[in-house]
Amino acid sequence: MLNAMQQRAVTTNQASALILSGAGTGKSSVLVARIQHLLEQGTPAQAIMAISFTNKAANEIKQRLAAQQLPSLNELWLGTFHSLCFKLLMMHTKGKGKVISQSQQLSIIKNLVSTLGIEMDAKKVLGFINAKKDHGLRAKESDELFEQLYSAYEKHCEAQSLMDFGELLLRTYELLSGHSALLTHYQNQFEYVLVDECQDTNAIQFAFLKLLTLPKQNLFIVGDDDQSIYGFRGAVVENMTQFQSDYPAHELVKLEQNYRCSKTILDAANHVIAHNKQRMSKVLRTDNPMGEAITVFAANDAEKEARFIVGEIQRLQAQGHGLQEIAVLYRTHSQSDVLTDHLLQAQIPYFIARGQRFFDRKEIKLVLCYLQLALDCHDNGALEVCLNTPVRGIGLATRQRMETLANQQEISSWQALEQLIEIQEVSGKTLQGITDFMILIKRLQEIVPVLSLGEALQAIIDETGLIAWFSRSDDGQERLDNLDELLQLAGNFKEEPSIELNVFEQFLAHACLSTQEEQGIGVQLMTLHASKGLEFETVFLMGLEQDLFPSKNGLLEEERRLMYVGITRAKQRLFLTHAKQRQLYGNTRQQQPSRFLAEIPERLVNALKDKPAITLKLPQGLALPTPAYA
DNA sequence: TAATCAGCTTTTTTT
DNA sequence: AAGCTGATTA
């Protein structure tokens with residue numbers, strides 16, 4: 001059932017609207033209901049574009065609509081900015097262009113930096129380029145080294161028809177703004193454009209939205225300025241205020257009734273976020289009971305902190321609480337290690353919403369690169385990955401010769417390999433290795449096209465001997481499990497009929513664009529960023545220490561919003577922990593409690609202290625023996 | 001010439 | 001603690 005405000009958001013006759021919706025106010029339900037309402041009013045599905053923040057969120061919306069038995073949902077333009085832009089580009093550029101992930105992007109830049117002989121941090125260059133693209137800016141003629149590298153990178157991608165994430169958006173924007181007929185077509189097609197999590201849109205995304213909807217003023221945005229946590233990625237909260245002046249006739253609806261959190265938890269969240277100066281006005285309230293006090297635990301060190309959390313989880317488990325309903329949130333991925341050690345010891349199942357994205361893992365990337373080579377052996381990036389894995393005796397020297405040859409003659413790496421053999425530049429083990437490799441790829445080229453996606457991946461795994469290769473490494477089992485998971489994903493993959501790519505190409509693009517991994521069994525471990533949009537009965541927020549959270553380099557107000565997001569994930573129970581001492585970058589550091597802790601009223605808190613550290617008093621002249629292990 | 005090993009920096013957050 | 005570079009060994 002929807003409340004009056006939600007109802008108003010769903011049924012407004014204004015095509016443009018700003019739905020300012022706080023945490024736990026039923027925003028997803030509103031979005032789904034709004035789409036349903038439009039469809040029931042007779043709006044054709046293809047006239048609706050709905051943009052969500054993650055693919056997972058898009059799938060959820062689709063599921064919920066499907067449950068309402070609405071027709072022609074496949075016609076709906078539903079997805080992330082990136083996936084929708086990809087679809088648009090594929091429809092109008094005849095399937096030209098491959099999507100590359102950030103890690104592929106980085107390796108291109110590394111190559112570029114080293115071949116140009118420039119002393120520069122590749123990651124910084126990557127950051128620069130992505131920031132430019134987020135702002136919708138192309139490389140410009142300049143003396144500045146960054147700009148020159150950006151320009152070189154652009155040329156490289158152009159030549160290899162590669163598209164990174166930013167490129168998808170930028171190019172779509174340019175496609176539409178440069179072809180007035182096409183633009184008019186889409187402006188007419190879409191009667192309603194809806195955007196979720198709009199507080200996290202960046203400049204180019206908002207420009208794209210305006211391009212599409214400014215004339216008809218048909219943009220419906222949902223968001224919460226207090227939950228804007230992607231500034232580092234170019235998100236501009238100001239897009240929400242900008243919207244208000246760009247779409248003057250818009251309806252403004254505030255959703256302030258929280259259905260998720262206990263009074264105590266919401267009270268704490270409200271107090272914390274009140275310390276931010278830049279906010280749109282909005283006050284959350286709830287009819288939920290007071291609930292339990294918030295537990296704050298000051299641990300002597302990170303070890304004790306983890307032990308405390310595990311102990312509390314065991315207690316909750318004994319009381320009959322499901323592990324699925326418990327989450328531990330932290331600021332950085334590296335914090336999870338201590339905790340998983342203890343969870344493992346206590347034999348408590350857990351699931352980490354991966355730091356390393358599934359498709360970025362070595363074993364997965366390899367299989368996909370082999371698939372890529374089977375489709376197109378001139379893909380230099382994929383060739384570089386596969387050439388010597390499993391080991392074939394092709395080392396750095398050979399690789400460099402190949403690259404030089406390829407650069408000189410302007411041919412692909414594959415062709416360079418052919419030439420190396422032809423001009424008898426290589427011999428012995430290396431020659432054998434290259435020959436084996438080329439025979440393997442040629443064989444894959446033959447068999448893959450006649451197989452289904454699942455069969456093709458299975459064939460690649462078999463033919464390359466990857467199982468044997470990974471069995472040798474100590475984390476082999478995990479890698480083999482991942483390969484199984486990949487086969488499963490491939491088995492369930494549905495191809496999109498409206499674009500001119502075969503199922504293999506679509507799967508490769510999907511691999512880059514999707515975040516994924518459904519939630520697994522057990523206690524849920526994830527970064528605060530990854531927790532956005534989720535909710536749990538019990539939430540542990542760990543590592544609440546100055547310079548860690550709030551992070552040293554972060555902007556304070558954004559860090560505080562992150563804290564706000566973290567607190568409001570909890571429905572019934574919230575634990576906040578910090579350690580007085582922890583290992584950071586190798587050495588032990590004394591840590592001060594996070595300033596955010598002091599921003600929570602004491603009356604809401606039950607403060608626990610760690611047992612005092614035991615200090616042994618030794619007789620004069622005696623020293624403790626140093627332990628054999630540390 | 002390639003594979004392996006040991007010592008070096010290096011950390012936020014992600015479509 | 002992990003990933004990368006440089007040195008060492010086969």
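It should be noted that the structure appears before, not after, this text.
Residue numbers run consecutively from 1 along every chain, following the written order of its sequence. Each chain is given a letter, starting from A, and each ligand a number, starting from 1, according to the order in which they appear as written. The predicted nature of this model means local features are confined to residues of pLDDT at least 70 and side-chain atom pairs, given and counted, to a pLDDT of 80 or more, with totals for whole chains, interfaces and linings taken over all residues. As a rule here, side-chain values come from all non-hydrogen atoms in the structure, and water together with hydrogens is ignored.

S.K.: Even after reading the chapter, I still don't get the overall build of chain A, so can you show me in this structure?
M.R.: Strands are runs of DSSP state E lasting at least two residues, helices are runs of H or I lasting at least four, and both sets are numbered from the N terminus onward. Regarding its fold elements, chain A presents 25 helices and 19 strands. Over its C-alpha atoms, taken along the principal directions, chain A stretches across nearly 85 × 80 × 50 Å. Across the 630 residues in chain A, those meeting the buried criterion constitute 51%. Note on contacts: a residue pair qualifies if any of its non-hydrogen atoms lie within 4.5 Å across the two residues. In chain A, once contacts between residues fewer than 6 apart in sequence are set aside, the share between residues at least 24 apart is 78%. Per-residue accessibility takes into account occlusion by the displayed protein chains alone, with areas from the Shrake-Rupley method and a 1.4 Å probe. Approximately 29,700 Å² of chain A is accessible, and the part contributed by carbon and sulfur atoms is 51%. On chain A, the mean spot of the 62 positive side-chain charges and the mean spot of the 73 negative ones are 5 Å from each other. Under the scheme applied here, a residue whose accessible area is under 20% of the maximum for its type counts as buried, over 50% as exposed, and between as partly exposed, the area being computed with a 1.4 Å probe on protein chains only. The convention is simple: Lys and Arg are positive, Asp and Glu are negative, and His and the chain ends are not counted. One atom stands in for each charge, and that atom is NZ of Lys, CZ of Arg, CG of Asp or CD of Glu.

S.K.: When you look at the sheet that holds strand β3 (residues 77-80) in this model, what are you seeing that I'm missing?
M.R.: Paired through backbone hydrogen bonds, the strands of a sheet run either parallel or antiparallel to each other. In space, the 6 strands of this open sheet follow the order β3-β2-β6-β7-β1-β8, with parallel pairing throughout. The open sheet is flanked by β3 and β8 (251-255), the only strands paired with a single partner. Neighbour-to-neighbour, the strand axes of this sheet turn through a mean angle of 10°, independent of strand direction. Should DSSP find at least two bridges between two strands, the strands are regarded as paired. Summarising the sheet, strand β2 (residues 48-52) and strand β6 (residues 192-195) pair through 4 bridges and their orientation is parallel. Its bridge partner being in β6, Ile-51 is matched across the sheet by Val-195. Note on definitions: angles span 0 to 180 degrees between N-to-C directions of axes, and those axes are lines fitted to C-alpha atoms, for helices only across the stretch in contact. Its contacts with the sheet place helix α2 (residues 27-40) against β1 (17-21), β2, β6, β7 (219-223) and β8, and it is angled at close to 170° to β6.

S.K.: Any chance you could explain the environment of Met-120 here in plain terms?
M.R.: Residue placement: Met-120 occurs in the loop between α5 (102-115) and α6 (122-134). Taking the C-alpha atoms as reference points, Met-120 and Val-10, separated by 110 residues in sequence, lie 51 Å from one another. If we ignore the near neighbours within four places in the chain, the residues touching Met-120 are Val-113, Val-125, Leu-145, Phe-146 and Leu-149.

S.K.: Where do I start with the pattern of salt bridges in this structure?
M.R.: Once their charged atoms are close, side chains differing in charge can pair, the charge on each being opposite to the other. Salt bridge, as used here, is a side-chain nitrogen of Lys or Arg placed within 4 Å of a carboxyl oxygen of Asp or Glu. Scanning all chains against the criterion turns up 35 salt bridges. The residue Glu-256 makes a salt bridge to Arg-285 at a minimum N-O spacing of 4.0 Å. Placement of Glu-256 in the loop between β8 and β9 (257-258) and of Arg-285 in strand β10 (residues 285-286) is noted, with a sequence separation of 29 residues between them. Since its relative accessible area comes to 18%, Glu-256 is described here as buried. With a closest N to O distance of 4.0 Å, Arg-595 and Glu-599 form a salt bridge. Each of Lys-133, Arg-138, Glu-154, Asp-164, Glu-167, Arg-171 and Glu-174 takes part in one network of salt bridges that share partners.

S.K.: Looking at this structure, how should I read the sheet that holds strand β13 (residues 350-352)?
M.R.: Pairing in this open sheet of 7 strands is parallel, and the strands run β13-β14-β12-β15-β16-β11-β19 from one edge to the other. Whereas interior strands pair on both sides, the edge strands pair on one side only; in this sheet they are β13 and β19 (605-609). On average, adjacent strands in this sheet sit at an angle of 20° to one another, irrespective of strand direction. Pairing geometry for strand β15 (residues 536-541) and strand β16 (residues 570-579), over 5 bridges, is parallel. Bridged to Thr-538 within β16 is Arg-573. Taken strand by strand, helix α13 (residues 302-318) contacts β11 (294-299), β12 (326-330), β14 (523-527), β15, β16 and β19, and its axis lies near 155° from that of β16.

S.K.: Would you mind showing me how to read the nonpolar core here?
M.R.: One broad trend across soluble globular proteins is that nonpolar side chains are buried collectively. Residues grouped as a nonpolar core are buried Ala, Val, Leu, Ile, Met, Phe, Trp, Tyr and Cys residues, joined through side-chain atoms within 4.5 Å. Within the largest apolar cluster, 59 residues are counted, with the highest numbers of intra-cluster contacts made by Met-49, Phe-86, Val-195 and Leu-209. In contact with Met-49, other than residues within four places in its own chain, are Trp-77, Leu-84, Phe-190, Tyr-192, Val-193, Leu-194, Phe-208 and Leu-212. Of all hydrophobic cores here, the second largest spans 53 residues; its members include Cys-386, Ile-411, Val-426 and Phe-493.

S.K.: Whenever I open this one, the state of the cysteines confuses me. Can you help?
M.R.: Each disulfide is one covalent bond, formed between the sulfur atoms of two cysteines. Disulfides are defined as pairs of cysteine sulfur atoms found within 2.5 Å of each other. With the rule as written, the count across this model stands at 0 disulfides. Not engaged in a disulfide, the cysteine Cys-198 finds its nearest cysteine sulfur in Cys-85; these two sulfurs lie 17 Å apart. With a relative accessible area of 5%, Cys-198 lands in the buried category.

S.K.: Just checking my understanding: could you explain the side chain of His-578 for this structure?
M.R.: Structurally, His-578 is set in strand β16. When its relative accessible area of 7% is taken as the criterion, His-578 is described as buried. Discounting chain neighbours no more than four positions away, the residues touching His-578 are Phe-297, Ala-298, Ala-299, Glu-305, Leu-544, Glu-545, Pro-593 and Leu-597.

S.K.: Would you mind showing me how to read the packing of helix α4 (residues 81-92) against helix α10 (residues 203-213) here?
M.R.: A pair of packed helices can be characterised by two numbers: the angle between their axes and the separation between those axes. Contact geometry for α4 and α10: axes closest at 12 Å, N-to-C directions at 55°. As judged from the angle between their axes, α4 and α10 are oblique. Crossing angle aside, the handedness with which α4 passes α10 is left-handed. Residue-level contacts link Phe-81, His-82 and Leu-88 of α4 to Gln-205, Phe-208 and Leu-209 of α10. For this classification, under 35 degrees means roughly parallel, over 145 means roughly antiparallel, 65 to 115 means roughly perpendicular, and everything else is oblique. Note on convention: the crossing is left-handed when the near helix lies turned anticlockwise from the far helix by less than a right angle, right-handed when the turn is clockwise.

S.K.: I'm lost on the side chain of Asn-239 in this one. Help?
M.R.: By secondary structure assignment, the location of Asn-239 is in helix α11 (residues 238-246). On the basis of relative accessible area, Asn-239 is assigned to the buried category, the value being 9%. Separated by 3.0 Å, the side chains of Asn-239 and Thr-201 make a polar contact. Setting aside its immediate chain neighbours within four residues, Asn-239 contacts Thr-201, Asn-202 and Phe-206. Polar contacts, as used here, are pairs of N or O atoms within 3.5 Å; protein pairs need one atom able to donate a hydrogen and one able to accept it. Residues neighboring in sequence count only if both atoms are side-chain atoms.

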